[in-house]
Amino acid sequence: MVYSTAFSAESDSLSSLAAPRTPRASTATAFLNILSGCPEMQKIFGVVEKVAKTRSTVLILGESGTGKELVARALHSLSGRGGKLVPVNCGAIPEDILESELFGHEKGAFTGAVASRVGRFQLADGGTIFLDEIGEMSPKLQVKLLRVLQERKVDPVGSTKSIDVDVRVIAATNKDLAEEVKAGRFREDLFYRLQVVPVSLPPLRERVGDIQLLAEHFMRRQAEELGKPALLLGEATLEIFNRYAWPGNVRELENLIERVSILSDDGTIDPGQLPPHMHETQQRGVTHIVELTLPDVGVDFNALIEEYENRLISTALNQTGGNKKAAAKLLGLNRTTLVEKIKKKGLQAQIEMTVISDEATA
Ligand SMILES: Nc1ncnc2c1ncn2[C@@H]1O[C@H](COP(=O)(O)OP(=O)(O)OP(=O)(O)O)[C@@H](O)[C@H]1O
Ligand SMILES: [Mg+2]
């Protein structure tokens, strides 16, 4: 195993920096450079470890700053593939240039093609290509990519000869690709080809235990870089951190710690040093559905939790007329997380029935 013990000693020593009554992840681990104590992330590490050695295509999903690139790097470094990891940001490059970047071109293929050029797929031969922001790829290039995935051959622009490539493809996006398919912006066949193994990274606000862990890690790293003692995380600051939505996820936390570390003298980070918008986050309302007393014979804990979850999901969907995006927002969940839960629980039919019967009685 690549993870599990590497970080525990470090995290013990780090915990002494934190205010004593703050919640901590119990089994913090470092998987290559990815730190987490959250069970969902541990499962992801397991999947990454298993799939790394294969040539299967991996689609990494997650909001901006959740660690998609780190996962791609982990997959490559555990793959044992001798070739390079070649990253391509499909969102940052105009279509024509991206086409010749990816597949290469022949001399004279278009105006300005004064010499032939080797594409990134060829550069990644024997290694891995990381297609970042795949959701931005144009329909024309989606077709060309599909061919590479199916036949492991690239066609350089202006060439009549295909070139065989042995490339592992990893793609990432912060878009909801299933929605993009529905909207007709992303090819369904390509979507299925890409998500042979999907890896969905949870946003930071859904792994609250990781906030302190990562903040302390970044504070320690900054201290080393700046050659001064590590800052401490005050309790009030940690409370704000734990309530805040972190739209920029781990990257936002990393940048904040860097800024505060540079600007602060030694000591504790207090709320006054945080940007004003972080103070504005309202704590989500918590509704207690029932007053609890447990019967002497005991309860079936898992069944009750399951029922509670089902009721929360059904209520949210009812309140939003079956709109999953709005329901997910109401529950403070990522839309894909909600959709997965609905699927796993087989709630779909039940929900449709409820929405239909509500409409009928409305
Ligand atoms: N679990 C983690 N442990 C340590 N560092 C992390 C973790 N997750 C993310 N980071 C750091 O946060 C920053 C953002 O991560 P990364 O670039 O992998 O995110 P991303 O999902 O690719 O973002 P984007 O969608 O904006 O491209 C990087 O500096 C990365 O090192
Ligand atoms: Mg990225």
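Each remark here, short or long, concerns the structure printed above.
What you see is a predicted model, and the numbers here were worked out from it, not measured in a lab.

S.K.: Is there a simple way to explain the pairing of strand 8 (residues 168-173) in this structure?
M.R.: Consecutive side chains along a regular strand alternate between the two faces of the sheet. For strand 8, the buried fraction is high: 6 of the 6 residues fall into the buried class. Side chains Arg168, Ile170 and Ala172 project from strand 8 onto one buried face, and the interleaved Val169, Ala171 and Thr173 project onto a second face that is buried too. Taken together, the 4 bridges between strand 3 (residues 58-61) and strand 8 define a ladder with parallel strand orientation. Within strand 8, the position partnered with Leu59 by the bridge is Ala171. By the bridge criterion, 4 bridges tie strand 5 (residues 128-132) to strand 8 in an arrangement that is parallel.

S.K.: Please explain the site of ligand 1 as it appears in this structure.
M.R.: Taken together, 17 residues are adjacent to ligand 1, and Ser64, Gly67, Lys68, Glu69 and Val250 come closest. Those elements that place two or more of their residues in the shell around ligand 1 are strand 2 (34-36), helix 3 (68-79) and helix 11 (249-263). Partitioning the shell around ligand 1 into residue classes produces 5 nonpolar, 8 polar and 4 charged.

S.K.: What is the right way to look at the packing of helix 13 (residues 301-319) against helix 14 (residues 324-331) in this model?
M.R.: Two elements in contact, helix 13 and helix 14, have axes whose closest approach is 8 Å; the angle formed by their N-to-C orientations is 125°. Compared by their axis directions, helix 13 and helix 14 come out oblique. The two elements helix 13 and helix 14 cross, and the hand of that crossing is right-handed. For the pair helix 13 and helix 14, contact is made by Leu312, Ala316, Leu317 and Gln319 and by Ala327, Leu330 and Leu331, respectively. Each residue belonging to the contact of helix 13 with helix 14 can be placed in one class, and the counts come to 6 nonpolar, 1 polar and no charged.

Criteria and thresholds
Residues numbered from 1 in each chain as written. Chains lettered and ligands numbered in written order. Predicted model: local features only at pLDDT ≥ 70, side-chain atom pairs only at ≥ 80, totals over all residues. Buried ≥ 20, exposed ≤ 12 C-beta atoms within 10 Å, placed from the backbone. Helix = DSSP H or I, 4+ residues; strand = E, 2+ residues; numbered from the N terminus. Pairing = 2+ DSSP bridges. Near = placed C-beta within 6 Å. Nonpolar A, V, L, I, M, F, W, Y, C, P; charged D, E, K, R; others polar. Axes fitted to C-alpha atoms, helices over the stretch in contact; angles between N-to-C directions. Parallel < 35°, antiparallel > 145°, perpendicular 65-115°, else oblique. Left-handed = near helix turned anticlockwise from the far one by under 90°. Contact = placed C-beta atoms within 7 Å.

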